[in-house]
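Commentary on secondary and tertiary structure
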Amino acid sequence: MLIRYKKTFEKIAMGLLSFMPNEKDLKKLQQTMKDYETEENRQLFLWKEEDIIGLIGVLFHDDQNAIEILHVSVNPSHRFQGVGKRMVKELKEMYADKEIISNKDTASFIEKCDLC
Ligand SMILES: CC(C)(COP(=O)(O)OP(=O)(O)OC[C@H]1O[C@@H](n2cnc3c(N)ncnc32)[C@H](O)[C@@H]1OP(=O)(O)O)[C@@H](O)C(=O)NCCC(=O)NCCS
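So, here's what we can say about the structure. (Residues numbered from 1 in each chain as written. Predicted model: local features only at pLDDT ≥ 70, side-chain atom pairs only at ≥ 80, totals over all residues. Heavy atoms only, no water.)

**Some thoughts on the nonpolar core**
Formed by 19 residues in total, the largest nonpolar core has its most connected members in Leu2, Phe45, Ile56, Val58, Ile69, Met87 and Leu91. Listing elements by their share of this core, those giving two or more residues are strand E2 (42–48), strand E3 (52–61), strand E4 (66–74), helix H3 (83–94) and helix H4 (107–114). In this structure, Ile56 is in contact with Leu2, Gln43, Leu44, Phe45, Ile69, His71, Val72, Met87, Val88 and Leu91, ignoring residues within four places of it in sequence. Counting 16 residues, the second largest nonpolar core, distinct from the first, contains Leu29, Leu44, Leu46 and Ile52. (Core = buried A, V, L, I, M, F, W, Y, C linked by side-chain atoms within 4.5 Å. Buried < 20%, exposed > 50% of the residue type's maximum accessible area, 1.4 Å probe, protein only. Helix = DSSP H or I, 4+ residues; strand = E, 2+ residues; numbered from the N terminus. Contact = heavy atoms within 4.5 Å.)

Below, the structure written as structure tokens:
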């Protein structure tokens, strides 16, 4: 299930975020974490089964009634088992009244989820 990020999950969240191709630089990664922690229009969700194995990070565009997926990442040991698609599906169900959009960093996977 998707759970909201809390400070106690900082290390695991940073580890998962670092799998994004655009978050390889440590300074950039630290800034991204800070933005999620401080900006009210950003939210990180973590995917918890027995352990936390996935992450999805979003930006709320309230003026457009849309949610932009900025980050999506799954622990490499748990990939190709549907976790990524389940995270996107649950996010869509949580925000059924909003349009879920992607950006250049997440489009290729999110577009795949639309086809499911
Ligand atoms: C992308 C990612 C989150 C997918 O997680 P996952 O749990 O393995 O995904 P699922 O098992 O739900 O779905 C697997 C499908 O996604 C596809 N996929 C994996 N990475 C992809 C990518 N970067 N772009 C498009 N499709 C991708 C797989 O080829 C597979 O396709 P299939 O259903 O046709 O076989 C995971 O590979 C990851 O963490 N990658 C590193 C972070 C990253 O690059 N994120 C941005 C992706 S655009």
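**Here's the deal with the site of the ligand**
Surveying the vicinity of the ligand reveals 18 residues, the closest of which are Val74, Phe80, Gly82, Lys85 and Ser108. A distance of 2.8 Å is found between an oxygen atom of the ligand and a backbone nitrogen or oxygen belonging to Gly84. For the shell around the ligand, the secondary structure elements donating two or more residues are E4, H3 and H4. Per-class residue counts for the shell around the ligand are eight nonpolar, six polar and four charged. (Near = heavy atom within 4 Å. Polar contact = N/O pair within 3.5 Å; in protein donor to acceptor, adjacent residues only side chain to side chain. Nonpolar A, V, L, I, M, F, W, Y, C, P; charged D, E, K, R; others polar.)

**Some thoughts on the environment of Pro21**
Within the secondary structure, Pro21 is located in the loop between helix H1 (10–17) and helix H2 (26–38). When the C-alpha positions of Pro21 and Ala107 are compared, they lie 13 Å apart, and in sequence the two are 86 residues distant.

**Here we look at the pattern of salt bridges**
With the rule as written, the count across this model stands at six salt bridges. The salt bridge partner of Glu37 is Lys7, with a shortest N-O separation of 3.4 Å. Of this pair, Glu37 sits in helix H2 while Lys7 sits in the loop between strand E1 (2–4) and H1, placing them 30 residues apart in sequence. The exposure class assigned to Glu37 is partly exposed, which follows from its relative accessible area of 33%. Look at the salt bridges and you will find they share partners, linking Lys7, Glu10 and Glu37 into a network. (Salt bridge = Lys/Arg side-chain N within 4 Å of Asp/Glu carboxyl O.)

**Describing the sheet that holds strand E5 (residues 99–102)**
Sheet architecture is open: five strands sit in the order E1-E2-E3-E4-E5, paired in mixed fashion. Either end of the sheet is taken by a strand with one partner, and the two such strands are E1 and E5. Taking each pair of neighbouring strands and ignoring which way they run, the sheet shows an average axis angle of 35°. As judged from the eight bridges shared by E3 and E4, these two strands associate in the antiparallel manner. Following the sheet pairing, Leu59 is matched in E4 by Glu68. Its contacts with the sheet place H1 against E2, E3 and E4, and it is angled at close to 80° to E3. Against the sheet, H2 contacts E2, E3 and E4, and its axis sits at roughly 100° relative to E2. (Pairing = 2+ DSSP bridges. Axes fitted to C-alpha atoms, helices over the stretch in contact; angles between N-to-C directions.)

**Observations regarding H3**
The terminal C-alpha atoms of H3, which comprises twelve residues, lie 16 Å apart, in line with the 16 Å expected from a rise of 1.5 Å per residue. Of all the residues in H3, the buried ones are Val83, Gly84, Met87, Val88 and Leu91. The buried residues of H3 all sit within an arc of 140° when viewed along its axis, so they share a single face. Exposed side of H3, more than 90 degrees from the buried face: Lys89 and Glu93 are the residues found there. (Expected span 1.5 Å × (residues − 1). Arc of directions from axis to C-beta.)

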